[in-house]
Amino acid sequence: KAGVTQTPRYLIKTRGQQVTLSCSPISGHRSVSWYQQTPGQGLQFLFEYFSETQRNKGNFPGRFSGRQFSNSRSEMNVSTLELGDSALYLCASSLAWGGGPSYEQFFGPGTRLTVL
Amino acid sequence: AQSVTQLDSQVPVFEEAPVELRCNYSSSVSVYLFWYVQYPNQGLQLLLKYLSGSTLVKGINGFEAEFNKSQTSFHLRKPSVHISDTAEYFCAVSDLGRGAQKLVFGQGTRLTINP
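The rules we used
- Residues numbered from 1 in each chain as written.
- Chains lettered and ligands numbered in written order.
- Predicted model: local features only at pLDDT ≥ 70, side-chain atom pairs only at ≥ 80, totals over all residues.
- Heavy atoms only, no water.
- Helix = DSSP H or I, 4+ residues; strand = E, 2+ residues; numbered from the N terminus.
- Rg over C-alpha atoms; globule rule 2.2 N^0.38 Å.
- Buried < 20%, exposed > 50% of the residue type's maximum accessible area, 1.4 Å probe, protein only.
- Contact = heavy atoms within 4.5 Å.
- Pairing = 2+ DSSP bridges.
- Phe/Tyr/Trp six-rings, centres within 6.5 Å; stacked < 30°, edge-to-face > 60°.

A. The overall build of chain B, seen in detail. Each helix and strand counted, chain B has 0 helices and 12 strands in total. Reading chain B from its N terminus to its C terminus gives the helix and strand order β-β-β-β-β-β-β-β-β-β-β-β. In terms of overall dimensions, chain B is globule-like: its C-alpha atoms have a radius of gyration of 14 Å, near the 13 Å expected for 115 residues. Summarising its shape, the C-alpha atoms of chain B cover approximately 45 × 30 × 20 Å along the three principal directions. Of all 115 residues assigned to chain B, the portion counted as buried reaches 51%. Of the contacts formed within chain B by residues at least 6 apart in sequence, a portion of 56% connects residues at least 24 apart.

Below, the structure is given as structure tokens:
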């Protein structure tokens, strides 16, 4: 079974631009979560989607948004990029928003975003 | 809010020596606990998880962890490390009361294995 895929793997943008990152979950997984990883702040939860609905949201400004499609693929968008948005953005998928083993999250390789 | 503390930011050990990476979390309410490993330029790989049941959890690559509810700890151990274990290790907790899909991570422990 294919793992979580993220595209693109690397991205360079300039301040003020916007960017869209894509995540394809493991087949059959319905929940997709996004995390930001930086050297200073570590790994921080951005948001989680299940059945095309945002279920949880982290403490990030409104410039960060996301969506999920009917095939469970997800995108996240960052508008008006700032230098501090440079990070590794990780996507994780899990079976369902429920209990027990379905909570195990499988991570993709990440998209490294550099803002100049 | 839930928080996770990894007590050591870096742990250097010699090959074939035992290692313990420490993790404490902030709350004793019902939680799921995880250890992930991250190799350079890669995503996170799950080493092991505690959901319920036995407090001693065995994972991949010879790692194990013990859940201690009274001390709110979930320390990761390996009896004999290998050069290939060099990586960053993250402890994470999901708070069942706040939506278990939200993982809260510790700051990570960089494990360096010296020959």
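B. Highlighting the pairing of strand S6 (residues 44-50) of chain B. All names here are of chain B. Of all 7 residues that make up S6, 5 are buried, and the element is covered over most of its length. With 6 bridges connecting them, strand S5 (residues 31-38) and S6 associate as antiparallel partners. When the bridges of S6 are listed, Trp-35 appears paired with Leu-48.

C. Representation of the packing of aromatic side chains. Tallying each qualifying case throughout the model produces 13 aromatic pairs over all chains. Residues Phe-47 of chain A and Tyr-49 of chain A carry aromatic rings whose centres are separated by 5.7 Å and whose planes lie at 70° to one another, so their mutual orientation is edge-to-face. For Phe-47 of chain A, a relative accessible area of 1% corresponds to the buried category. Aromatic rings pair up to connect Tyr-35, Phe-45 and Phe-107 of chain A together with Phe-34, Tyr-36, Phe-90 and Phe-105 of chain B into one cluster.

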